[in-house]
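An overview of the molecular structure
Letter by letter, the chains look like this.
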Amino acid sequence: QVQLVESGGGLVQPGGSLRLSCAASGSDFSDATMGWYRQAPGNLREYVAIITNSGSTHYDNAVKGRFSVSRDNAKNTVYLQMNSLKPEDTAVYYCNAVKWGATYWGQGTQVTVSS
């Protein structure tokens, strides 16, 4: 059974940093495109960043220059380093994997940016 489990969310002050992790199990995801999405209350889920199986990265303009996505295939894990956090980054962050036409989602981890 494929599972994606996010961790690392929490409460942080504006300007602070957090590092999210997404551990995949049940399959080898080294050939998958992995991504991060987020959903704020009352909003649709939106794209944040992706990393392909070759290591290419792409970011939404709202986070470009502040967030960094990376992966460790040996650990079947993808990370999202978030710096210079803003209140508008507050959301539930979801890990996503696309492999062989199938899409998988984690359960989400809450990130709250507030003073």
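Look up a bit, the structure's there.
Residues numbered from 1 in each chain as written. Predicted model: local features only at pLDDT ≥ 70, side-chain atom pairs only at ≥ 80, totals over all residues. Heavy atoms only, no water.

Attention now goes to the overall build of the protein. Assigned secondary structure in the protein consists of 0 helices and 11 strands. Going residue by residue from the N terminus, the α and β elements of the protein occur as β-β-β-β-β-β-β-β-β-β-β. Taking 2.2 N^0.38 as the reference for a compact globule, 115 residues should give roughly 13 Å; the C-alpha atoms of the protein span a radius of gyration of 13 Å, in line with that estimate. Each principal axis of the C-alpha atoms in the protein carries an extent, and together these give about 40 × 25 × 25 Å. A buried classification covers 40% of the 115 residues belonging to the protein. For the protein, restricting intrachain contacts to residue pairs at least 6 apart in sequence, the fraction spanning at least 24 positions comes to 53%. Counting every atom, the protein has about 5,900 Å² of accessible surface; 47% of that belongs to carbon and sulfur. Here the protein contributes 9 positive and 8 negative side-chain charges, whose respective centroids are spaced 3 Å apart. (Helix = DSSP H or I, 4+ residues; strand = E, 2+ residues; numbered from the N terminus. Rg over C-alpha atoms; globule rule 2.2 N^0.38 Å. Buried < 20%, exposed > 50% of the residue type's maximum accessible area, 1.4 Å probe, protein only. Contact = heavy atoms within 4.5 Å. Areas by Shrake-Rupley, 256 points an atom, 1.4 Å probe, with all protein chains shown as cover. Lys, Arg positive; Asp, Glu negative; His and termini not counted. Charge placed at Lys NZ, Arg CZ, Asp CG, Glu CD.)

Attention now goes to the packing of aromatic side chains. Under the criterion given, the structure shown has 3 aromatic pairs. Each ring, one from Phe29 and one from Tyr104, has its centre 5.8 Å from the other, and the planes form 85°; the classification is edge-to-face. Of this pair, Phe29 sits in the loop between β3 (18-25) and β4 (33-39) while Tyr104 sits in strand β10 (residues 102-105), placing them 75 residues apart in sequence. Note on Phe29: relative accessible area 2%, which makes it buried. Look at Tyr37 and Trp105: their rings are 5.1 Å apart centre to centre, the planes differ by 70°, and that puts the pair in the edge-to-face class. Placement of the pair is Tyr37 in strand β4 and Trp105 in strand β10, with a sequence separation of 68 residues. In textbook terms, an aromatic cluster arises when at least three aromatic residues are bridged by ring pairs, as seen for Tyr37, Tyr47 and Trp105. (Phe/Tyr/Trp six-rings, centres within 6.5 Å; stacked < 30°, edge-to-face > 60°.)

Attention shifts here to the nonpolar core. Met34, Trp36, Leu80, Met82 and Tyr93 are the most contacted members of the largest nonpolar core, which totals 27 residues. Contributing elements (two or more residues each) for this core: β3, β4, β5 (46-51), β7 (67-72), β8 (77-82), β9 (91-99) and β11 (109-113). If we ignore the near neighbours within four places in the chain, the residues touching Tyr93 are Glu6, Leu20, Trp36, Tyr37, Arg38, Val48, Phe67, Leu80, Met82, Gly108, Thr109 and Val111. (Core = buried A, V, L, I, M, F, W, Y, C linked by side-chain atoms within 4.5 Å.)

Time to look at the pattern of salt bridges. As enumerated under the stated definition, the model contains 4 salt bridges in all. A salt bridge links Lys99 to Asp31; the nearest nitrogen and oxygen atoms lie 3.9 Å apart. Here Lys99, found in strand β9, pairs with Asp31, found in the loop between β3 and β4; they are 68 residues apart in sequence, far enough to count as distant. Under the relative-accessibility criterion, Lys99 is labelled buried at 9%. Between Arg38 and Glu46 there is a salt bridge, and its shortest N-O distance comes to 2.8 Å. (Salt bridge = Lys/Arg side-chain N within 4 Å of Asp/Glu carboxyl O.)

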